[in-house]
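# Per-entry structural report
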There are 2 protein chains.
Amino acid sequence: MVRKSAPSSYEQIKQSPFFKIGLHATAFAAGVWFIQSPLMDVLALLAAERAQGQFDPNKMHIFLEETAAKSRLFKRLVQSFDRDAVLSTSGKYYDLTKEQQREDTATRIARLAQYIEIEDEQSWQTRNSLLSVLDPQTGTRIGVNLGLFLGCIRGNGTFEQLKYWSNQREIGTLKGAYGCFGMTELAHGSNVAGLETTATFDKETDEFIINTPHIGATKWWIGGAAHSASHCSVYARLIVDGKDYGVKTFVVPLRDADHNVMPGVTVGDIGAKMGRDGIDNGWIQFSSVRIPRFFMLQKFCKVSRGGAVDLPPLEQLAYSALLGGRVSMVMDSFRWTARFATIALRFAIGRRQFKSASQGDGTETQLLNYPLHQRRLIPFLAQAYVFSAGSWKLEHTIKKTLDDLDAAVAAGDMGKVMKSVTEMKSLFIDSAALKSTSTWLTADAIDQCRQACGGLGYSSYNGFGKGYADWVVQCTWEGDNSILAMSVGKPLIRSAVEVLKDGKKQKGAVAFLNDAKQWANDKLVFNSAEELLDPQNTLKAIQVLMTRVALNGAEVLKENNGNFDAVGAPSLVLSKLHAHYYHLNEFYRRIEANEHKELNSHLVLLGKLHAASFVVEKFGGDFLGNNIVPPAVLNEVVNKKIPELCKQIRPNVVAYTDSFMYSDTFINAPIARYDGNIYENYFDTVKKSNPPENTKAPYSAAFEAFLGRSSLDVRDGGDKSAATAALLSK
Amino acid sequence: MVRKSAPSSYEQIKQSPFFKIGLHATAFAAGVWFIQSPLMDVLALLAAERAQGQFDPNKMHIFLEETAAKSRLFKRLVQSFDRDAVLSTSGKYYDLTKEQQREDTATRIARLAQYIEIEDEQSWQTRNSLLSVLDPQTGTRIGVNLGLFLGCIRGNGTFEQLKYWSNQREIGTLKGAYGCFGMTELAHGSNVAGLETTATFDKETDEFIINTPHIGATKWWIGGAAHSASHCSVYARLIVDGKDYGVKTFVVPLRDADHNVMPGVTVGDIGAKMGRDGIDNGWIQFSSVRIPRFFMLQKFCKVSRGGAVDLPPLEQLAYSALLGGRVSMVMDSFRWTARFATIALRFAIGRRQFKSASQGDGTETQLLNYPLHQRRLIPFLAQAYVFSAGSWKLEHTIKKTLDDLDAAVAAGDMGKVMKSVTEMKSLFIDSAALKSTSTWLTADAIDQCRQACGGLGYSSYNGFGKGYADWVVQCTWEGDNSILAMSVGKPLIRSAVEVLKDGKKQKGAVAFLNDAKQWANDKLVFNSAEELLDPQNTLKAIQVLMTRVALNGAEVLKENNGNFDAVGAPSLVLSKLHAHYYHLNEFYRRIEANEHKELNSHLVLLGKLHAASFVVEKFGGDFLGNNIVPPAVLNEVVNKKIPELCKQIRPNVVAYTDSFMYSDTFINAPIARYDGNIYENYFDTVKKSNPPENTKAPYSAAFEAFLGRSSLDVRDGGDKSAATAALLSK
């Protein structure tokens, strides 16, 4: 992780003792033929570009991690993961079968259980954020317990209930018992209010009877249910005296202290998944399972001994359990984009292919010196940087919002409670837009970065395959992206109408619509690309565009008698633009406030490229269709500004990617290690995982047998021979 | 596969004896609780929609497969796969480890070897096309032998050489020996001319010496090399008397008749991949391996006994070996889009979620009745249909082009040869545009269809995970999509300039540019959405747009001193538009020629939706920026036409998807079987693969041990206790 001082040009590097020793040592190990290789320059290439970096990656890291203290913590924890023999990863990570992955994650959790006992909260949280990059499936397998099970109790239970399950039962330190989160059912994922598991109050015994009425109500996808969990926070319909009070939450024991499944509980393994096979997702059916009344989580809803149901008005806040997950997925989007952009960019520096017109020295051209390759990859570098800003802001916002709400509820201050409710609504919009947009863009980033590495991107050992498969569930879980995006469009369109029709003042996430009147026309907004990409103008352009899209949406809505199903397309656009606005606005704000001013010009370039690629180019039809800019400006952004920005960023690509401060363990892709020795590192990894002495497959005898089979005539036993034909036709 | 006659409404279905028997039988098997399930209507839903279909899927299948004879062949082979215990697939297919997959594909090849001995060419080809859907990795593992190894010999070798390896050595019937295709190297994928393996002629012994000079020249990704192949068609630089004649092809034995690796040959397994783990891709290093002179493939290039090298002018045609693969990937794109669209659409019919405003009966709404869900999925149905037309056309074109060329070369008719060369250039452009665009769009289709199935799309058993991972290599191999797309842009931009500057007449794929003068302005082309989506107008709009993009590209090129690296972005657009034009043009032509006229209105809807979604909406910025239509028209297409077309197609979705005539074996996704019984089928598959009696994991003891660990104080041995503190601080 430490940045070595290095000579400043490619020629110097080739002459340096480091290079020669490297050459010698490798040649010795690999055989004399290696000396002939023209590929040895890969080491020099990366080192030379590193030496040319125009800013200090350590300072840039502080910007990315927000504070010097957090940057230090990050580095300390990266080192801790690197050195921990159980927690670190290598090429072998990509060779594990599903069964081995399951055991592997369990072993890692046992190790992490030792850290949680001794680390402070911030360290543990940062450790988890890093774990989601290094080994996301272990992260999730812990997350269902600490994040979702305990998060559900925090959100829905009383403080005493939280204390009991988290502290007294020691679940909070990965000890004693293990929780899972029983929300989704086989027939209900997104529509939580439609869940069908029942919790019927039995007045006689003072118990709830938890029951799965039919196959569709089988709890499905429950992480940890198959083998790990002893307890489940079950979402079930509260039924008292035959009346259905809607979905509430209950803690239901699944396994006893001997880890045997409880009577009345049927659990199963849902088996193979696209990714994250290390998590034992399961299904659960309850057959009239009885739990004590006080296993119901009762911060908002209470059932008395006599069956009286108390439902306070703030009950909708109980659904906040999933918000924390959404917020951390935005942070994951930053960290994952950073990792995969680093892999593809480092490879693109070391890899040469074809000779371009501009390359005069007889060598082939580095991939990253092709303008098309620059525009394929450098925008993802920009994306990672821009996402970092929004991620931190969102994290602060959720913490403040939940703390404020808890304090207001505890103080019984209804004024403050209602203020919190407004903040919560705003957070719902922001987090829905940010979660869906950021996870989609990250999925795309991983896939595009893989393609940019050609065949070597398809090899498991370079991380993309498992990375993509592990990642994309983020677009589905804890709120399907399309449904979340729809949920953003709705209040935006509605608010736009309110402003325009009634002049109603908007607050929070939709406050920008207060200017709607001014923009409810088709006046041209910007008439030059330079102007458009100026930070403040970009933000304004997005807001005007959103206003106009929302107002067009309102028109479509009217034509469809107010049926929001009809405005799916504009809702999606609004949600995505809202997320970009949030990220970019905070990114530019952070630059303004940055104490290391010398970094700012380098940061602004990234902001402009992000805006040009992911906003202006991607929504080009919307920009033109809503007359934000004329065609010539779009054309200039696409054909001139983007290539120019890429070219300006190009010399510092190594510095920008080094600034993420990921160690080789975190990168876990031999084509992209810090030393840049792409071919040797990759070849070594492949050989380590697949020893070349095994030239015959275990099933080789069967393969050889069919190749060496006798002729068809012989195998037909002569039945179809001329002789037989003569005989049978007599 | 046979379409049952069925009652015509949902209510009738629920009353039908079939439904009641089904209900009774399942209730008996599953326990009484099932009777309560409101999910039983899934069977009825699909059946009712099937009954309402407004056209005959059997006739539609003839359109999709081009002729009645090919439709019959398709159905016969589907049945043959379904019934063959070795070749058919099930949920277990998704549970195999890499090692099991390797053995599985070998077993299947042994079975297929029996079919190849008795089937005619067309049956065998269709079998392979179907295999690429049912079990793509087995398809590829055979394809590297029959398609690439023998294809290389067909393309580069003499007829006698082909006869020897294919017939005398019986490789053509999967017997005796097994070939692999040794083109790519660790450091060279796309740039074939830059390969570094050498084939040095040794005049004394009349042999070539095949050598791998350094690690970067290691043959890499070679399918079949790790364990299967006995021979390899090696791309290596021909060196005679110290002179480098560029890359030629040579057959090099890798293993002897006992399947032992030859001396001088080092092979290894490249190990785990993102997908297609059933293929034993390997690496090969040659250390001065000697082969007889006549193992060089010498259709175009000959080396005499004395070392004289004969290089005829048509040598560039030797690179046609990969063309066949590109063409079949376009057909694969049709078949794969069809399969995954069917899965997501059938699920969207059976699945209900939320109650929409329009749903009055108290049940939840079928996903496919949401307008947003329609526009997420129905365009992929259109894509499959439109792709079918272009795929068949391209297949005929390559056959004709290669046959014409062979005949011309055999006859020594240089006039015809040059005509063939022109046709071949056109085929290069068409196949590059179609391969890249179609495989990209199919990757997107698989992923979007998966997301539309929510969590159940992430379960391996519904096929998306392996499907996506297996598919996306198509975007990389046999020509990286971005590089192929660039190669399309170049001749288009160049030709546009020739037409405009010199009035030069263009032929083949670029002939449409002959009208360039007429369109080299910014006159508006169409002023209504209705007009734009008229088939012939859509085609014209695409051509005008391509002309203008090419001319803009020419401007950028001029500003960059003719450096084609600078026009990557317009090249990509041109390549994609070219592919859409090709597919749509042929699709509309086939409709014109269709003998079952009653299908045509249903087909035109799909063509319009494809054009509206994948051309007009996706390239909205280009349509507006080049003034093909005004903003209001784009807005109308996006917000009105697309929803309208979806709505018109919606009632026949089951008929459209049934028309692909895939059996449940080919669909291999329990949420999308023909009977529509999504939940039961899926649950059964999960339980079969993961018996629920295994409630404890094999590693459970270790898991329980860490949960039950003693307290930190105890484990610290009391070192940190107050007593110790008192003692140690004395």
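What you see is a predicted model; the values in this text were computed from it and never measured.

Taken together, the buried positions of helix α26 (residues 700–707) of chain B are Ser700(B), Phe703(B), Phe706(B) and Leu707(B). The buried side chains of α26(B) occupy one side of the element, clustering within an arc of 130° when seen end-on. Of the residues in α26(B), the exposed ones pointing more than 90 degrees away from the buried face are Ala701(B) and Ala702(B). Contacts from the buried residues of α26(B) go to α6 (98–116) and α8 (136–156) of chain A.

Residues and elements named next belong to chain A. Using the residue numbers shown here, the UniProt feature "active site" (unreviewed entry) corresponds to Glu478. Following the sequence through the fold, Glu478 ends up in the loop between α14 (464–471) and α15 (481–502). Residue class for Glu478 comes out buried when judged on its relative accessible area of 18%. If sequence neighbours within four positions are ignored, Glu478 has contacts with Leu148, Leu322, Gly325, Arg326, Met329, Lys435 and Leu484.

Quick look at the domain arrangement of chain A now. All names here are of chain A. As far as domains go, chain A holds domain 1 (68–152), domain 2 (178–315) and domain 3 (373–661). When each unit is reduced to the centre of its C-alpha atoms, the spacing between domain 1 and domain 3 is 29 Å. Of the roughly 930 Å² buried where domain 1 meets domain 3, counting both sides, 63% is carbon and sulfur surface. Looking at the side of domain 1 facing domain 3, the largest losses of area belong to Lys70, Phe74 and Tyr94, adding up to 46% of the total buried there. Where domain 1 touches domain 3, the interface holds zero salt bridges.

Before going further, it helps to spend a moment on the sheet that holds strand β7 (residues 265–269) of chain B. Residue and element names in this part refer to chain B. Strand order in this open sheet of three strands is β4-β8-β7, and the pairing throughout is antiparallel. In the strand order of this sheet, the two ends are held by β4 (219–223) and β7, each with one partner. For this sheet, the mean inter-axis angle between neighbouring strands, taken without regard to orientation, is 35°. Sheet topology note: the β7/strand β8 (residues 281–286) ladder contains five bridges and is antiparallel. Within β8, the residue paired with Val265 across the bridge is Phe286.

With that out of the way, let us pick up the interface of chain B and chain A. At the junction of the two partners, chain B supplies 132 residues and chain A supplies 132 residues. Counting the surface lost from both chain B and chain A, the interface buries some 10,700 Å², and carbon and sulfur atoms represent 62% of this. Interface area lost by chain B to chain A is led by Ile215(B), Tyr458(B) and Tyr699(B), which between them contribute 8%. Counting every contact that joins chain B to chain A gives seven salt bridges. Taken together, the links from chain B to chain A amount to 52 residue pairs in polar contact (both at pLDDT 80 or more). Among the elements that take part in the side of chain B that touches chain A, helix α6 (residues 98–116) of chain B stands out by supplying eight residues, more than any other. Residue classes in the side of chain B that touches chain A are distributed as 59 nonpolar, 42 polar and 31 charged.

Procedures and definitions
- Residues numbered from 1 in each chain as written.
- Chains lettered and ligands numbered in written order.
- Predicted model: local features only at pLDDT ≥ 70, side-chain atom pairs only at ≥ 80, totals over all residues.
- Heavy atoms only, no water.
- Buried < 20%, exposed > 50% of the residue type's maximum accessible area, 1.4 Å probe, protein only.
- Helix = DSSP H or I, 4+ residues; strand = E, 2+ residues; numbered from the N terminus.
- Arc of directions from axis to C-beta.
- Contact = heavy atoms within 4.5 Å.
- UniProt positions renumbered as here; feature names shortened; annotations may be inferred.
- Domains from an automatic or database assignment.
- Buried area = accessible area lost by both parts, 1.4 Å probe.
- Salt bridge = Lys/Arg side-chain N within 4 Å of Asp/Glu carboxyl O.
- Pairing = 2+ DSSP bridges.
- Axes fitted to C-alpha atoms, helices over the stretch in contact; angles between N-to-C directions.
- Polar contact = N/O pair within 3.5 Å; in protein donor to acceptor, adjacent residues only side chain to side chain.
- Nonpolar A, V, L, I, M, F, W, Y, C, P; charged D, E, K, R; others polar.

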